[in-house]
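What follows is the residue order along each chain.
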Amino acid sequence: MMATKAETAMLETRSLRMAYGRRVLWTGLDMSVKSGRMVALTGPSGSGKSTLLGCLGLLERPTAGEILLDGRELSGLSATGARRLRRDSLGYLFQNYALVENATIAQNLNVALKARGRRGAQGQQAMEEALEKVGLAGRQREQVSRLSGGEQQRVAVARLLVKQPRLVLADEPTGALDRFNAELVAGLLRAMADDGACVVMATHNDSVRDQCDETVPVDAYTG
Ligand SMILES: Nc1ncnc2c1ncn2[C@@H]1O[C@H](COP(=O)(O)OP(=O)(O)OP(=O)(O)O)[C@@H](O)[C@H]1O
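Taking an unreviewed UniProt entry as the reference, the chain is identified by name as ABC transporter ATP-binding protein belonging to Rhizocola hellebori.

In the vicinity of the ligand, the contacting residues are Tyr20, Leu25, Gly43, Ser45, Gly46, Ser47, Gly48, Lys49, Ser50, Thr51 and Ala202. In terms of residue count, the dominant contributor to the shell around the ligand is helix 1 (residues 49-56) (three residues). Looking at side-chain class alone, the shell around the ligand contains three nonpolar, seven polar and one charged residues.

Membership of the largest hydrophobic core comes to 60 residues, with the highest contact counts inside it found for Val168, Leu189, Val199 and Val200. The greatest single-element share of this core, amounting to seven residues, is contributed by helix 5 (residues 149-163). Excluding its chain neighbours within four sequence positions, the residues that come into contact with Leu189 are Met38, Val168, Ala170, Pro173, Val199 and Met201.

Attention now goes to the packing of helix 5 against helix 6 (residues 179-194). At a minimum axis separation of 11 Å, helix 5 and helix 6 run at an interaxial angle of 15°. Relative to helix 6, the element helix 5 is oriented roughly parallel. For the crossing formed where helix 5 meets helix 6, the hand is left-handed. Counted together, Gly150, Arg154, Val157, Leu160 and Leu161 of helix 5 and Asn181, Val185, Leu188 and Met192 of helix 6 form the full contact between these two elements. Taken together, the residues that form the contact of helix 5 with helix 6 break down as six nonpolar, two polar and one charged.

In the contact formed by helix 3 (residues 105-115) and helix 4 (residues 120-133), the axes pass within 11 Å of each other and the chain directions differ by 120°. In terms of orientation, helix 3 and helix 4 fall into the oblique class. Relative to helix 4, helix 3 is oriented so that their crossing is right-handed. Taking contact as the criterion, the partners of Ala106, Leu109 and Leu113 in helix 3 are, on helix 4, Gly123, Ala126, Met127 and Ala130. By residue class, the composition of the contact of helix 3 with helix 4 is six nonpolar, one polar and no charged.

Further remarks concern helix 3. Note on helix geometry: an α-helix contains 3.6 residues per turn, so any two residues three or four positions apart are oriented the same way. Every buried residue of helix 3 is accounted for by Ile105, Asn108, Leu109, Asn110, Ala112 and Leu113. Contacts made by the buried residues of helix 3 are with helix 4 and helix 5. Phi turns positive one or two residues past the end of helix 3, at Gly117, with a value near 70°.

Taking burial as the measure, the five residues of strand 8 (residues 198-202) include five buried ones, the bulk of the element. Both faces of strand 8 are covered, namely the face carrying Cys198, Val200 and Ala202 and the face carrying Val199 and Met201. In this structure, strand 7 (residues 167-171) lies alongside strand 8, joined through five bridges in parallel fashion. By the bridge assignment, Val168 is partnered in strand 8 with Val199. The parallel pair strand 7 and strand 8 is bridged by helix 6, and the resulting crossover is right-handed.

What counts, and where the lines are drawn
- Residues numbered from 1 in each chain as written.
- Predicted model: local features only at pLDDT ≥ 70, side-chain atom pairs only at ≥ 80, totals over all residues.
- Near = placed C-beta within 6 Å.
- Helix = DSSP H or I, 4+ residues; strand = E, 2+ residues; numbered from the N terminus.
- Nonpolar A, V, L, I, M, F, W, Y, C, P; charged D, E, K, R; others polar.
- Core = buried A, V, L, I, M, F, W, Y, C linked by C-beta atoms within 7 Å.
- Buried ≥ 20, exposed ≤ 12 C-beta atoms within 10 Å, placed from the backbone.
- Contact = placed C-beta atoms within 7 Å.
- Axes fitted to C-alpha atoms, helices over the stretch in contact; angles between N-to-C directions.
- Parallel < 35°, antiparallel > 145°, perpendicular 65-115°, else oblique.
- Left-handed = near helix turned anticlockwise from the far one by under 90°.
- Pairing = 2+ DSSP bridges.
- Right-handed = clockwise from strand over helix to strand, strands pointing away.

Listed below in structure tokens is the structure:
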């Protein structure tokens with residue numbers, strides 16, 4: 001029987017290896033993640049979780065092996081193809097949040113809305129809904145640089161919510177948050193997966209890990 005789309009992995013790695021000189025971070029790393037799944041990358045500090053997220057997000061190149069998104073090998077993409085993929089399909093929740101600090105919350109979210117082609121009233125409504133979900137309702141006009149670390153992190157989550165990427169890559173997504181907001185953000189990532197995204201996160205937080213469908217212990221691939 002032919003596999004249906006729902007059964008096929010959205011994200012797959014084959015024999016992935018990363019080494020810096022003679023230091024091997026991980027090797028022979030095979031993972032396969034279906035749409036709707038949330039995966040926790042675990043392992044001690046320095047085991048290469050962030051590096052793996054960087055490779056999956058086309059920000060770093062693995063030493064060897066393949067990464068396939070929807071069956072397409074990422075290393076085969078042209079520079080334009082890679083740019084398009086980042087813009088249209090990838091969502092990053094990394095430690096520096098990559099927000100434009102000297103702009104307002106609204107201006108930051110507008111970049112993602114524009115990329116989705118959601119303008120005008122429809123875009124405005126999506127923004128308001130996203131900000132409400134992250135506990136920042138009505139704060140569109142505030143400057144990002146004046147927000148706390150945890151608030152900035154939640155703006156980055158709101159940006160993911162309006163962008164609706166197919167693949168969400170999150171590095172310690174609850175790192176700067178208190179318990180209430182950590183649960184809020186974990187729940188929102190879970191909801192994105194339930195809506196069909198593939199969510200891959202590095203986390204040291206046991207309760208966030210427990211909300212994941214699978215765990216990939218990166219330190220099990222040291223060779
Ligand atoms: N460009 C580089 N050249 C050499 N070594 C590097 C480079 N980038 C990362 N490393 C090393 O790779 C190792 C893995 O780093 P990484 O940040 O991926 O680990 P991690 O598992 O995410 O750790 P943590 O849990 O502390 O965030 C680190 O020891 C780091 O110093």
